[in-house]
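# Structure at a glance
Each chain is listed here by its residues.
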Amino acid sequence: MKQEKIYLKDYKGPAFSVDSMHLDFNLNEDFCRVRAKSQVKQLTSGAPLHLNGVDLKLVSVKINGETLKETQYQITAEELIIPTVPAAFTLEVETQLEPQNNTSLEGLYKSNGIFCTQCEAQGFRKITYFFDRPDVMTSYSVTIEADKAKYPVLLSNGDRIKVEDLGNGRHKAYWQDPHKKPCYLFALVAGDLGVIRDTFTTSSGRKVNLEVYAAHGKQERCWHAMDSLKKAMKWDEEVFGLEYDLNDYMIVAIDDFNAGAMENKGLNIFNSRLVLADSSSATDTDFHSIESVVAHEYFHNWTGNRVTLANWFQLSLKEGLTVFRDQEFSADMTERAVQRIEDVDALRAGQFAEDAGPNAHPVRPESCMAVDNFFTMTIYEKGSEVIRMMQTIVGRKGFRKGMDEYFRRHDGQAVTTDDFAAAISEPNGKDFTQFKRWYIQAGTPVINVQEKFDAASGEYHLTLEQSCPPTPNQPTKEPFHIPLMMGLLDKAGKELPLNCEKITQNTDGKNLIELKNQKDTFVFKGLNERPVLSILREFSAPVTLNWNATDEDLFFLMEKDVDSFNRREMAQKIGMHVLSSLIQQSRQGQPLKVDEKYLKAMSAVIRDEHMDPAFKAKMLQLPSYAVLAQSEPVLDAEAFHKARLAVRQAIAKNNRAQLLEIYRKFNGVDPKSRDTKVFGQRQLKNQALHYLAEIHDAEILEMVNAQYWNAQNMTDRMTALMILADTKSTYREEALHHFHEEWKDDSVVINKWFTAQATTTSRPEVLQDVMALTKHPTFNLGNPNNVYSLLRAFGANIVRFNDPKLNAYEFYADKILEVDAKNPQVAARLCAAFNFVHKLDPSMKDKAITQIQRMVAVPGLSKNSRELLQSALVH
């Protein structure tokens, strides 16, 4: 089949509307029969009826009760076409499916004996012939018939009307969703599941029934998800005035799921790893992720479901906005500064790399080959930053006013990013014409910073010049509208007044530079001394600063900046300078010498007894390999590893006693506590242990091993396992064997065991380890979580995936092809490992290109993988 791109410029509104749709499912072991009955109206007179459908067996099609002959319609690989239809009519389509053989995990499929659906983005077309596009919204009623003993739980969207016993060993459930929705939000689950139940009373006094389903025996691990849901419901009422609108809210945990979770109206389907948690099976990070994702999917009820997309090019309309909302929720549930650091770290490691790579695309893309490839960090995380900038410009009060207007204008509609921008800007008297370039221009803007102080006049001149590197199909860029939160500090670290005519204030009274010109100078008057600049506070825009600040200023800000994000940012900036110097030393064959001033500053952080533990843990983190790969001109995996290891060992040796003190101080915190403060203490304790392990002495290794065997929570156990997995110690095999035996039957936890072995950086045997694990009886190539935890994790292991002594590229390409034949969505996610190909030295680049070309040459390669790999070839 010829694979062609689709373009936003070619978008046309639907030619038909659908007033209502009834879906009747008859579920059996070897097939499923689906009857779809719709009330359809023409919006374009005389238009032929084009219905999307893939991998379907058509049983019959009727219009106004009359069965059509085969000569009256046409079936292609992707459509059912009826050339002539009335202006208004009843459409009945009967199809037959084989969910048990659906390995793509799109549409209707079976997971461990459970029927479930995944319809976003284009999975509904694998259920029945229909208008599989988000701008066709309709009211759904659903009936589900199945064996009562095997499938006692029958769920769909909306309100549960009734369940009737059919008297023949089967039963039938009736569901009605009162809210119109696009078909990508349709959901069905049928199986034998355990459940926990609770209720939530809304601000208007209405009681909502809450249910979380999981495999029998695992439902008690769902209570954290339930608590997270109730927190999210309360937060959305308090912060945005948004109340839940159905009688029931259900979450179902499924083992075989391509993504993290899906916001289907009233019936969220989740990957089990983002629901199941207790202290023995889940880390602190897992608990935090579950809280965040449960909130994210709940928040979609308004930002995605009640107001949805005109087309898939507008995906960030719901995803960027909802990521922003879940980040704000998480900040309120935890420590705001620490949460912001985590969010920006993820953005830089993933999205900045995407913006600099072969598959760079705008937040609102212009084209695609596979719609599924839109689900990227650019759409989600950079999209969230675009929303955050809007809030920064208008302030929190102004943003709430704009959100209220957005729902007033567009509730029940399928709209665009332009509609959202108008709803935020217009009530606040702002012009977002230039700002909307963030939606249409790809790439990470760079801001050059120049400073000049005139002591005689008491004036400080700050000159900012913006640019944006070329990206695919966008060689030149127009200036962005960039909000920069900033401040000036005196020698004691106190804020100075900002006496500058060009500074603006948002509705919260915060001072901003709004950089709109390519180059602009901001003059601050009335200063008695040279100030120290603190800029891009809270990371107020997703940009890179090209700022040659003095070492004195950087170390000063690392110690004294009143903005917590910027204190840590300076530590990262200095760390990058140090690592870059060491990388050059390594490439030139010189002995590595770590900057003493930096080591002294890091020692001061370790010794600071007043610093919040969670924040201290962030201050002690070095720039990641992913960030190094973006900033360095050549991705030299060996030099990266040597440089980073040299810094960590120097810090550890200089502070051995203090790190041991930190470890022992916090080793006694409540191991079962899920309190945010305790999370931070545990994080710092384990950070200290990671550093100490770099010393490689017997006492420390014994401590690590003891932590593994004595751990009373998964956070401590996994910390120790990750350290041991990256050693040659006999403790390694003992711990890995024990962990496997304890968790081999748990489909969620065993993935941690795979990742621990795939992400080792000191073991040159990692490729052999990964190859052996793909043949391990516990590993299932058809399970996305297994693939992500082993293969995707290895592909993200920059040091060993790009090790010139290994032949990782050929092995990885083989696995992409093997996965692609079963599940294109999962295979496409693996392709990201080749995004850094343009940064490799010539010999490694040739090896990577050879494998990419080999994959692209496969005739049956999915459009999902082909689109991403072809881009890597032309970058």
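Right above here is the structure, for reference.
Since the structure is predicted, the reported quantities are computational estimates derived from the model, not experimental observations.

Take the sheet that holds strand S2 (residues 16-27) next. Taken in spatial order, the eight strands make up an open sheet running S6-S5-S9-S3-S2-S12-S15-S14, and their pairing is mixed. At either margin of the open sheet sits one strand with a lone partner, and together these are strand S6 (66-67) and strand S14 (159-165). Inspection of the sheet shows S14 paired to strand S15 (residues 170-181) by six bridges, in the antiparallel sense. Within S15, the residue paired with Glu164 across the bridge is Lys172.

With that out of the way, let us pick up the nonpolar core. Grouped together as the largest cluster of nonpolar side chains are 297 residues, with contacts concentrated most on Phe25, Phe420 and Phe524. Residue contributions to this core peak at 12 residues, all from helix H5 (residues 377-410). Sequence-distant contacts of Phe524, that is, excluding residues within four places in its chain, are made with Gly458, Glu459, Tyr460, Leu462, Met486, Leu488, Leu498, Asn499, Cys500 and Ile503.

Here we come to the pattern of salt bridges. For the structure shown, the criterion picks out 73 salt bridges. Taking the shortest distance from any N to any O, the salt bridge between Asp132 and Arg125 comes out at 2.9 Å. Summarising the burial analysis for this pair, Asp132 and Arg125 share the class buried. A salt bridge links Arg306 to Asp245; the shortest N-O distance between them is 2.7 Å. Of the two residues, Arg306 sits in the loop between helix H2 (284-299) and strand S22 (308-309) while Asp245 sits in the loop between helix H1 (223-240) and strand S19 (248-254), which places them 61 residues apart along the sequence. You can call Arg306 buried: its relative accessible area is 15%.

What follows is about the pairing of strand S16 (residues 188-191). The alternating pattern of S16 places Leu188 and Ala190 and Val189 and Gly191 on opposite faces, both of which are buried. One ladder, built from two bridges, connects strand S11 (residues 114-118) with S16; its direction is antiparallel. Its bridge partner being in S16, Cys116 is matched across the sheet by Val189.

So, about the layout of surface pockets. Rolled over the atoms, a probe with the dimensions of a water molecule shows which regions are left empty. Within this model, the second largest pocket holds a volume of roughly 1,200 Å³. Surrounding the second largest pocket, 36 residues form its lining, Ile6, Asn52, Glu79, Gln122 and Arg133 being those nearest its centre. Sort the elements by how many residues they give to the lining of the second largest pocket and strand S4 (residues 49-52) lands first, with three residues. For the lining of the second largest pocket, the per-class residue count stands at 18 nonpolar, six polar and 12 charged.

Applying the stated criterion across every chain, the model contains two cavities of 30 Å³ or more. In this model, the largest cavity occupies a volume close to 50 Å³. Lining the largest cavity are 13 residues, and of these Ser279, Asp284, Phe287, Pro671 and Arg682 sit closest to its centre. Broken down by secondary-structure element, the contributors of at least two residues to the lining of the largest cavity are H2 and helix H15 (676-693). In terms of residue class, the lining of the largest cavity is made up of four nonpolar, five polar and four charged. Counted as a void, the second largest cavity has a volume near 30 Å³. If you go around the second largest cavity, the residues you meet are Phe801, Asn802, Tyr809, Ala833, Phe834, Phe836, Val837, Leu840 and Ala848. Across the lining of the second largest cavity, the residue classes tally to eight nonpolar, one polar and no charged.

Judged by pairing direction, the sheet is antiparallel, and its four strands sit side by side in the order S10-S11-S16-S13 without closing on themselves. What marks the edges here is a single partner per strand, and that holds for strand S10 (107-111) and strand S13 (153-156). Along the sheet, successive strands turn relative to each other by an average axial angle of 15°, direction set aside. Examined bridge by bridge, S13 and S16 share four bridges and lie antiparallel to one another. Among the inter-strand pairings, Leu154 is bridged to a residue of S16, identified as Ala190.

Given a rise of 1.5 Å per residue, 18 residues ought to cover 26 Å, and the 26 Å separating the end C-alpha atoms of helix H13 (residues 637-654) matches this to within 8%. Of all the residues in H13, the buried ones are Ala637, Ala639, Phe640, His641, Ala643, Arg644, Ala646, Val647, Arg648, Ala650, Ile651 and Ala652. Along its buried surface, H13 packs onto helix H9 (564-587), helix H10 (596-607), helix H12 (625-631), helix H14 (656-666), H15 and helix H22 (798-801).

A few words on unusual backbone geometry. Residue Ala121 follows Glu120 across a cis peptide bond; omega there is 5°. Among the secondary structure elements, Ala121 is positioned in the loop between S11 and strand S12 (138-147). Phi is positive for Asn112, close to 50°, though the residue is something other than glycine. Assignment of secondary structure puts Asn112 in the loop between S10 and S11.

A word on H15. Counted at 1.5 Å a residue, the expected span for H15 with its 18 residues is 26 Å, and the 26 Å between its end C-alpha atoms agrees. When you tally the buried positions in H15, you get 13 out of 18 residues, the bulk of the element. One side-chain oxygen at the N-terminal end of H15 lies 2.9 Å from the backbone nitrogen of Lys677; it belongs to Asp675.

Note that Phe375 resides in the loop between strand S23 (367-368) and H5. Apart from the residues lying within four places of it in its own chain, the contact partners of Phe375 are Glu120, Ala121, Trp312, Leu315 and Tyr380.

Time to look at the side chain of Gln219. As for its position among the elements, Gln219 is in the loop between strand S18 (207-214) and H1. Excluding residues within four positions of it along the chain, Gln219 makes contact with Gly194, Val195, Ile196 and Ala214.

Here we take up the packing of aromatic side chains. Going through the model one piece at a time under the given rule, you end up with 39 aromatic pairs. Look at Phe124 and Phe186: their rings are 5.8 Å apart centre to centre, the planes differ by 80°, and that puts the pair in the edge-to-face class. Of this pair, Phe124 sits in the loop between S11 and S12 while Phe186 is found in the loop between S15 and S16, placing the two residues 62 residues apart along the sequence. Summarising the burial analysis for this pair, Phe124 and Phe186 share the class buried. When the centroid spacing of 5.7 Å and the interplanar angle of 80° are considered together, the rings of Phe299 and Phe329 count as edge-to-face. Of this pair, Phe299 sits in helix H2 while Phe329 sits in helix H3 (residues 315-333), and the two are 30 residues apart along the sequence. Judged by relative accessible area, Phe329 falls into the buried class, the value being 0%.

With that settled, the discussion passes to the environment of Gln757. The topology assignment puts Gln757 in helix H19 (residues 750-758). The sequence separation of Gln757 and Ile6 amounts to 751 residues, and the corresponding C-alpha distance is 40 Å. Contacts of Gln757, omitting those with residues within four sequence positions, involve Arg732, Leu736, Val766 and Leu773. Side-chain polar atoms of Gln757 contact the backbone oxygen of Trp753, separated by 3.0 Å.

Basis of the calculations
Residues numbered from 1 in each chain as written. Predicted model: local features only at pLDDT ≥ 70, side-chain atom pairs only at ≥ 80, totals over all residues. Heavy atoms only, no water. Pairing = 2+ DSSP bridges. Helix = DSSP H or I, 4+ residues; strand = E, 2+ residues; numbered from the N terminus. Core = buried A, V, L, I, M, F, W, Y, C linked by side-chain atoms within 4.5 Å. Buried < 20%, exposed > 50% of the residue type's maximum accessible area, 1.4 Å probe, protein only. Contact = heavy atoms within 4.5 Å. Salt bridge = Lys/Arg side-chain N within 4 Å of Asp/Glu carboxyl O. 1 Å grid on protein atoms, 1.4 Å probe; cavity = no way out; pocket = protein on both sides within 12 Å on 5 of 7 lines; lining within 4 Å. Points joined across faces, edges and corners; volume = space filled by probe spheres on them. Nonpolar A, V, L, I, M, F, W, Y, C, P; charged D, E, K, R; others polar. Axes fitted to C-alpha atoms, helices over the stretch in contact; angles between N-to-C directions. Expected span 1.5 Å × (residues − 1). Polar contact = N/O pair within 3.5 Å; in protein donor to acceptor, adjacent residues only side chain to side chain. Phe/Tyr/Trp six-rings, centres within 6.5 Å; stacked < 30°, edge-to-face > 60°.

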